[in-house]
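Secondary and tertiary structure notes
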Amino acid sequence: MKPNYEIYNASAGSGKTFALASKYLARCLGSNENDFYRRILALTFTNKTSEEMKTRILSSLKEFSKTESIQNPTEIFKSVKEELNISFKEIQIRAKKRLQHLLHNYSFFQVSTLDSFSHNLIRSFARELKIGSDFELILDPETIINESIDRLLESVGENKTITEALVGFANIKVAEGKSWDISYDLKELSQLITNENHYHKIKELETKTVKDFLLEKKEILKSQKKLETEVIKEVNLCQERINATGTELGFSRNSFPGFLRKLKNKEFQNNNLASIKKLFQKDAIITKKSASSNQEILSELMPKLVVSFNKIEQKLYKWQILKAFSNSIVPLSLLTQIKRISKEIQKEKSEILISEFNQIINEEIKGQPAPYIYEKTGNRFKHYLIDEFQDTSMLQWSNLTPLISHALESGESETDQGSLLLVGDPKQSLYRWRGADPDKFISLLNEENPFTIPKSIKNLPKNYRSCNEIVSFNNKFFEYVSKQFEFKDNTQIYSSGAKQELNEKKGGYVSVEFIKNSGKNKSFSEQHFLIKTLKTISENIYRGFMYLDQCVLVRNKKQQALVVEFLINHKIPVVSSESLLLKNSSAV
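A brief structural summary. (Residues numbered from 1 in each chain as written. Predicted model: local features only at pLDDT ≥ 70, side-chain atom pairs only at ≥ 80, totals over all residues. Heavy atoms only, no water.)

Take the nonpolar core next. Counting residues in each nonpolar core, the largest one holds 53 residues, and the members touching the most others are Leu186, Phe256, Phe259 and Ile285. Within the residue set of this core, elements represented by two or more residues are helix H7 (142-154), helix H8 (160-175), helix H9 (183-190), helix H10 (199-205), helix H11 (210-244), helix H12 (255-264), helix H13 (273-281) and helix H15 (295-349). Among the elements that line this core, the one with the most residues is H15, at 16 residues. Those residues within four positions of Ile285 in sequence are excluded, and the remaining contacts are Gly250, Phe251, Ser252, Ser255, Phe256, Ile276, Leu279, Phe280 and Met302. Counting 40 residues, the second largest nonpolar core, distinct from the first, contains Phe381, Phe441, Leu444 and Ile493. (Core = buried A, V, L, I, M, F, W, Y, C linked by side-chain atoms within 4.5 Å. Buried < 20%, exposed > 50% of the residue type's maximum accessible area, 1.4 Å probe, protein only. Helix = DSSP H or I, 4+ residues; strand = E, 2+ residues; numbered from the N terminus. Contact = heavy atoms within 4.5 Å.)

Printed below as a string of structure tokens:
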């Protein structure tokens, strides 16, 4: 019996697109219904991969429908035949009918991105969500966030509580020696609203009002005052004990008496706590000369000073934590207001931020029965294929789980049962900044199973894309990296990625060179890197490669601009976002 719930752990170049397309074709051609493709949903992460998969499926159906393909079947044709266990002739007949039907009903060909699927789902529920069905999708949240902050600042003087919070935030900045202007800080903070990683925490904050936060701050300030009193009490005790010796003790660099004076003046942050602690740990708080001539006095005094210092240290740490909470609580109170205003703006303009799609589904739609959701969307999916699963967010997976569960577990017979294929590689997770959670894929590869049916895990072992030397280098590199991790799961993921099989592509070349870090002289390191890059490009041209065969990867736009300018100045043709600027044109 073939498994209905499969997970493919697919490293780079291991035939992932082939596997997905093959599985889609098998599902599409395995039924006697010509419109069965309407029951299949393939989800990818980008529009580019979505189009690639569509093209692969359509070209394969076209190829299968040709008579000559039976005499010389391709690998994907063989794979589909093996999956379905029917003749090449039968596949050819079905492929011809399916392709014609699909092209006449192309809108039901469901190979799309997760965001596109969410978009269609929300549009289907527009009436229930009380939003216009013609709402505009906003990809960049910056405009709405900026307008939300402007409206919040405009409420100063009108709303007493918000005014108190905003003035309090500005005062915190002034006390830290920064500008009183809080608009930039609010913009930075507001990025949390559009990041799914913080969804549940921000959801909890929404239950509290600005007044609740300000009351909480007052309680924190009371606790700080109490700690300050207790610290000064210990400081006075230390000074009294030192004075009671009647001897002028020599403290290393006079650090401890200076430390006590700072605390007495309520300098609870910049007080050299860490350096004083090291002196106590090394028994070096007193100079050697003073220690040798006052052994009897110090034998009685030092244990008492150590006890007092430990108490002071603990209280100062607690004070610093409370201080951090106190500084953060006002901005957090404003965060909930910014989110509330942004929702009002979206409603006024009939707009929805793409970052809120998954939140809306999770809050408003997810709880609906699966048949009702299918009825609203006009499709009843039985088979799900999800690509790049390591970049799926927790909310996206949480929203899909009820629909997938219904497909997998509600079939009356084995032939009526739905299926799920997850394909991914935890090593290639790139989108944590927008909520991607590769740990979810790792847990599914191990013990976790959110469904009642058993899962089948398959590793795609062979690299079909790269030349052998590159595959061998990657295997050795991942084997080395896997031994550097503390966590067992990470070790397992990288060690399994170090076992890719070679293909028939001979050759390949990998060279790794490190540029010595020149410390503070950053410009020297950059210049060294630029010269080395130019030299490597020139060597590759000499070896017979063309400019278009070469690519320079950097970490940020600043480095990109440096490289582009340097190469253009040395007459190297470059294509990048920087090189396309008018100012970099030789004609200007």
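Next comes the rest of the write-up.
Strand pairing in a sheet is mediated by backbone hydrogen bonds. Such pairs are either parallel or antiparallel. Strand order in the open sheet made by the six strands is S3-S2-S6-S7-S1-S8, with parallel pairing throughout. In this open sheet, the two edge strands, each paired with only one partner strand, are strand S3 (111-113) and strand S8 (456-460). Strand-to-strand twist in this sheet, taken as the mean axis angle between neighbours without regard to direction, amounts to 15°. With four bridges joining them, strand S6 (residues 383-386) and strand S7 (residues 419-424) adopt parallel strand pairing. (Pairing = 2+ DSSP bridges. Axes fitted to C-alpha atoms, helices over the stretch in contact; angles between N-to-C directions.)

Next up on the list: the packing of aromatic side chains. A complete count under the given rule lists 18 aromatic pairs for this structure. Consider the rings of Phe381 and Tyr384, whose centres lie 6.2 Å apart with planes at 70°: the pair is edge-to-face. By relative accessible area, Phe381 is classed as buried at 5%. Given the relative accessible area of 1%, Tyr384 is considered buried. Taken together, Tyr5, Phe389, Trp397, Phe441 and Phe451 form an aromatic cluster joined through their ring pairs. (Phe/Tyr/Trp six-rings, centres within 6.5 Å; stacked < 30°, edge-to-face > 60°.)

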